[in-house]
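# Geometric and topological summary
Next come the chains, spelled out residue by residue.
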Amino acid sequence: MDAFTTLTAIAAPLPMANVDTDKIIPARFLKTIKRTGLGANLFDTLRYEADGRERPDFVLNQEPYRRAQILIAYENFGCGSSREHAPWALLDFGIRCVIAPDFADIFHNNTFKNGILPIRLPRELCDLLMQDARLGDNARLTVDLAAQVVVRPNGAKVHFEIDPFRKHLLLNGLDDIGQTLQHAAKIDSYEARQRQEKSWQPGIAI
Amino acid sequence: MPQDKPRTLFDKVWDSHVVERLPDGTCVLYIDRHLVHEVTSPQAFDGLRTAGRRVRRPEATLAVVDHNIPTSDRSQGIAEEESRIQVETLESNVAAFGVPYFPVLDPRQGIVHIVGPEQGVSLPGMTIVCGDSHTSTHGALGALAFGIGTSEVEHVLATQTLLQKPAKNMLVRVDGTLPPGCSAKDIVLAIIGRIGTAGGNGHVIEFGGETIRALDMAGRMTVCNMAIEAGARAGLIAPDETTFAYIDGRPFAPHGAAFDAAVAHWRTLPSDADAVYDRVVTLDAAEIAPMVTWGTSPEAVLPITGTVPNPADEPDEARRAQLQRMVEYMGLIPGQKLTELVVDVVFVGSCTNGRIEDIRVVAQLVQGRRVAPGVRAMVVPGSGLVKQQAEAEGLDRILRDAGFEWREAGCSMCLGMNPDKLTPGQRCASTSNRNFEGRQGPGGRTHLLSPAMAAAAAVTGHLTDVRELV
């Protein structure tokens, strides 16, 4: 996983609430056995006509937003399925940061595992950033994870909160499994205790 | 371990699975059962291989194929290349890593959330995860069950744990007698209509109250299945005699003295009488009517007696735009009666309503009736064993005679990953769980409802108040 430190990039406005995972990446594109290549189908139904032509009115089909690395959206972003294909599609397109008033829980978890920073900000602040994101070539935000600030095009700073453990993992590009395996001895002793206390709990053998 | 404060069912299951609590409150949480399927696992196994890791506890893991397999005859293999590759990848992965697996031609194969409880793999008090959001289904047994992404699938395969922070507790209490024509599906749709699709974000919902207690296990699974549609991390219901009777005798459940020991433990799980919840929502079952969704979010739901809302009545601009898009996508006219909506397809199945109890309800309603002209109606059993049971009861005959397709088990048209899809503009009465744009096929229009309501729509050809047929 790539570390996330600071990012200065074009922010695209997506003023929609409840952007669900089927919108981010429809199920028909989940038949891949890889993590990459999904960017072409990010927001497929919003982005393309049925015949495959781009819809010119969709923001990511417009300059400079084709190069956007930050997305501004409204409430409950990423609701629905647990598919990690949603953050994979965002990442493959180039999105490294999504800013919204709140996120669905599983999607929120999944973004961190892929080096994407989800930032929760109150709706009023999202409205301001949404206005910034409509500035075309000036829709440029800087996200500084260490300082926990978003710097607006006018230089104003917006502070955001983030879980310290997740911040640490993102800043250093650390993989969760490696972290957890530092506790392997504790997992061993937990399992030994469970085998005694819940001896009735069978394993699955086919 | 003495406890200072009264605890909820969720607190108890959580506490007993904490391997270690890190200084910032993140917990290394032990996972008892990991269910795996073909769509969200290939990249996880690939990650293990790259890192040279093994599956820590294959005997706590069960793999099935369900999401992308065809529901027509499968004895000749899978024609669609990408689906076949995904299934073959799962088969080589379970062989390489020693994971128990029900292949497509095994009668025990089916939708992962039907199979787990059916086999006794999912038990009260367990932590259960799967790379699928509807894992909340297993909470009906009194387990803490939730969906995870593929990175977390890899994490569980490698460590049998997850890094998690505890959720908040929400109680949704439903009391009173459910009116005729209503079922568990109507209860959960009414709950989502009340609290919204983000209403449960950050919470685990415990469903309680006398109406929930009176549900059979199939109904409880339907309710917990859709907890995720309310945004909840998980949904659960306290285990009781109904739960224990359901589990007794299932293949992978404990048997004999072990079962008795298990039940003794399971009886300690229900929330303490004075447990405190962060949020409580109450519903009166007597006020619930047969429900149907009209829009492209599960919260866009109304009683079947309702009419299509007018977006112009919505004061908030973003919300008004969302409603407008829903009305247009769904091909509706504000003020139109929901019962006027003509359906092209009726889909009975999914992890929400693909159990034998659901199929019985449909068969009973359509017996002696015919699917309306022009309607394609299909029943997709949730597992091979559900299919066998239905056939033993003669339900397949009743359904076929009425004009329904009787298909093989799988997720099917719930998410349109296999050939069972809507075509653009088609309107579907569906017993599944999500009505997002394009969910059942690009341009498809989904109305979520109960099995009884689906049967009613099949025979009349339009959305119908099932109470007029019984």
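Provided above is the structure to which this section pertains.
Residues numbered from 1 in each chain as written. Chains lettered and ligands numbered in written order. Predicted model: local features only at pLDDT ≥ 70, side-chain atom pairs only at ≥ 80, totals over all residues. Heavy atoms only, no water.

This brings us to the overall build of chain B. Looking only at helices and strands, chain B features 16 helices and 19 strands. Dimensions of chain B along its principal axes, counting C-alpha atoms only, are 60 × 55 × 45 Å. Residue burial in chain B is summarised as follows: out of 470 residues, 67% are buried. Relative to all contacts within chain B whose residues are 6 or more apart in sequence, the contacts with residues 24 or more apart total 76%. When the accessible surface of chain B is totalled, it reaches about 15100 Å², and 50% of it is carbon and sulfur. Of the charged side chains in chain B, 43 are positive and 56 negative, and the gap between their average positions amounts to 1 Å. (Helix = DSSP H or I, 4+ residues; strand = E, 2+ residues; numbered from the N terminus. Buried < 20%, exposed > 50% of the residue type's maximum accessible area, 1.4 Å probe, protein only. Contact = heavy atoms within 4.5 Å. Areas by Shrake-Rupley, 256 points an atom, 1.4 Å probe, with all protein chains shown as cover. Lys, Arg positive; Asp, Glu negative; His and termini not counted. Charge placed at Lys NZ, Arg CZ, Asp CG, Glu CD.)

Before going further, it helps to spend a moment on the pairing of strand 16 (residues 376-379) of chain B. All names here are of chain B. Where strand 15 (residues 345-348) meets strand 16, four bridges bridge the pair, whose relative direction is parallel. Each bridged residue has a counterpart across the sheet, and for V346 the counterpart in strand 16 is A377. Two elements, strand 16 and strand 17 (residues 404-406), share three bridges in a ladder whose sense is parallel. When the sheet's bridge partners are listed, M378 is paired in strand 17 with E405. (Pairing = 2+ DSSP bridges.)

Next up on the list: the interface of chain B and chain A. Counting from both sides, the interface comprises 81 residues of chain B and, opposite them, 58 residues of chain A. Taken together, both faces of the contact between chain B and chain A bury some 5700 Å²; the carbon and sulfur share is 56%. Summed over the shared surface of chain B and chain A, the result is nine salt bridges. R233(B) is the partner of D105(A) in a salt bridge, and the nearest nitrogen-oxygen pair spans 3.7 Å. At the junction of chain B with chain A, the criterion picks out 30 residue pairs in polar contact (both at pLDDT 80 or more). (Buried area = accessible area lost by both parts, 1.4 Å probe. Salt bridge = Lys/Arg side-chain N within 4 Å of Asp/Glu carboxyl O. Polar contact = N/O pair within 3.5 Å; in protein donor to acceptor, adjacent residues only side chain to side chain.)

With that settled, the discussion passes to the nonpolar core. Soluble globular proteins tend to pack their nonpolar side chains together in the buried interior. If you look at the biggest cluster of nonpolar residues, it comprises 98 residues, and the most contacted ones within it are F45(B), V172(B), F207(B) and W266(B). Residue contributions to this core peak at eight residues, all from helix 6 (residues 184-195) of chain B. The contacts of W266(B), once residues within four sequence positions are left out, are W200(A), L123(B), P124(B), P239(B), F244(B), I247(B), P254(B) and F259(B). Counting 86 residues, the second largest nonpolar core, distinct from the first, contains V39(B), W294(B), V346(B) and V366(B). (Core = buried A, V, L, I, M, F, W, Y, C linked by side-chain atoms within 4.5 Å.)

What follows is about the packing of aromatic side chains. This model, assessed by the stated rule, comprises 10 aromatic pairs over all chains. Ring geometry for W200(A) and W266(B): centres 5.7 Å apart, planes at 90°, overall edge-to-face. Here W200(A) is found in the segment after helix 8 (184-197), whereas its partner W266(B) is found in helix 10 (residues 257-266) on a different chain. With 5.8 Å between their ring centres and 50° between their planes, F10(B) and W14(B) make a pair best called tilted. With F10(B) and W14(B) both in helix 1 (residues 9-15) and four residues apart, this pair spans about one turn of that helix. Overall, the relative accessible area of 4% leaves W14(B) in the buried class. Chaining the aromatic ring pairs together yields one cluster made of W200(A), F244(B), F259(B) and W266(B). (Phe/Tyr/Trp six-rings, centres within 6.5 Å; stacked < 30°, edge-to-face > 60°.)

Residues and elements named next belong to chain B. At a closest axis distance of 9 Å, the pairing of helix 13 (residues 356-366) and helix 15 (residues 395-402) adopts a crossing angle of 45°. With respect to their mutual orientation, helix 13 and helix 15 come out oblique. Where helix 13 crosses over helix 15, the handedness of that crossing is left-handed. Where helix 13 abuts helix 15, its residues I356, I359, R360, V362, A363 and V366 lie against L395, I398, L399 and A402. Looking at the contact of helix 13 with helix 15 residue by residue, the classes come out as nine nonpolar, no polar and one charged. (Axes fitted to C-alpha atoms, helices over the stretch in contact; angles between N-to-C directions. Parallel < 35°, antiparallel > 145°, perpendicular 65-115°, else oblique. Left-handed = near helix turned anticlockwise from the far one by under 90°. Nonpolar A, V, L, I, M, F, W, Y, C, P; charged D, E, K, R; others polar.)

This part covers unusual backbone geometry. In this structure, P64(A) follows E63(A) across a cis peptide bond, with omega equal to 0°. As for its placement among the helices and strands, P64(A) is situated in the loop between helix 2 (44-47) and strand 2 (70-73). Residues other than glycine seldom take positive phi values, yet Q160(B) does so here, at roughly 60°. Relative to the helices and strands, Q160(B) is located in the loop between helix 5 (150-159) and strand 8 (161-164). Positive phi, close to 85°, is recorded for S350(B), a residue that is not glycine. Of note, S350(B) is situated in helix 12 (residues 350-353).

This part covers the sheet that holds strand 4 (residues 117-120) of chain A. Residues and elements named next belong to chain A. Across the sheet, seven strands lie side by side as 4-3-2-1-5-6-7; this open sheet has mixed pairing. Each edge of the open sheet carries a strand with a single partner, namely strand 4 and strand 7 (157-159). Averaged over all adjacent pairs, the angle separating strand axes in this sheet is 30°, with direction ignored. Summarising the sheet, strand 3 (residues 97-100) and strand 4 pair through four bridges and their orientation is parallel. When the sheet's bridge partners are listed, I99 is paired in strand 4 with I119. Together, strand 1 (6-14), strand 2, strand 3, strand 5 (140-144), strand 6 (149-151) and strand 7 form the strand contacts of helix 5 (residues 123-133), whose direction differs from that of strand 2 by roughly 130°.

Attention shifts here to helix 3 (residues 85-93) of chain A. Structurally, the α-helix is built with 3.6 residues per turn, so residues lying three or four positions apart point the same way. Helix 3 of chain A sits mainly inside the fold: seven of its nine residues count as buried. Within the span of helix 3 of chain A, buried status applies to H85(A), A86(A), P87(A), W88(A), A89(A), L90(A) and F93(A).

Residue and element names in this part refer to chain B. By the bridge criterion, three bridges tie strand 1 (residues 18-21) to strand 2 (residues 27-30) in an arrangement that is antiparallel. Looking across to strand 2, one finds that R21 is bridged to C27. Taking the residues between adjacent antiparallel strands as the criterion, strand 1 and strand 2 are bridged by five residues, where G25 takes a positive phi near 100°.

We now examine the environment of E118(B). All names here are of chain B. If you trace the backbone, E118 turns up in helix 4 (residues 112-119). On the accessibility criterion, E118 (12% relative accessible area) is buried. Sequence separation of E118 and P100 is 18 residues, and the distance between their C-alpha atoms is 16 Å. Dropping the residues within four chain positions of it, E118 is found in contact with Y246, R250, P251, S383, L385 and V386.

A word on the pattern of salt bridges. For the structure on display, the rule yields 45 salt bridges over all chains. For the salt bridge of R108(B) with D106(B), the shortest nitrogen-to-oxygen distance reads 2.9 Å. With relative accessibility at 25%, the residue R108(B) sits in the partly exposed group. A salt bridge links E391(B) to K387(B); the nearest nitrogen and oxygen atoms lie 3.2 Å apart. A residue pair is termed a helical-turn pair when its members lie 3 or 4 positions apart in one helix, as E391(B) and K387(B) do in helix 14 (residues 384-392) at four residues. The class for E391(B) is partly exposed, based on a relative accessible area of 31%. Members of the salt-bridge network, linked through shared partners, are E54(A), E63(A), R66(A) and R67(A).

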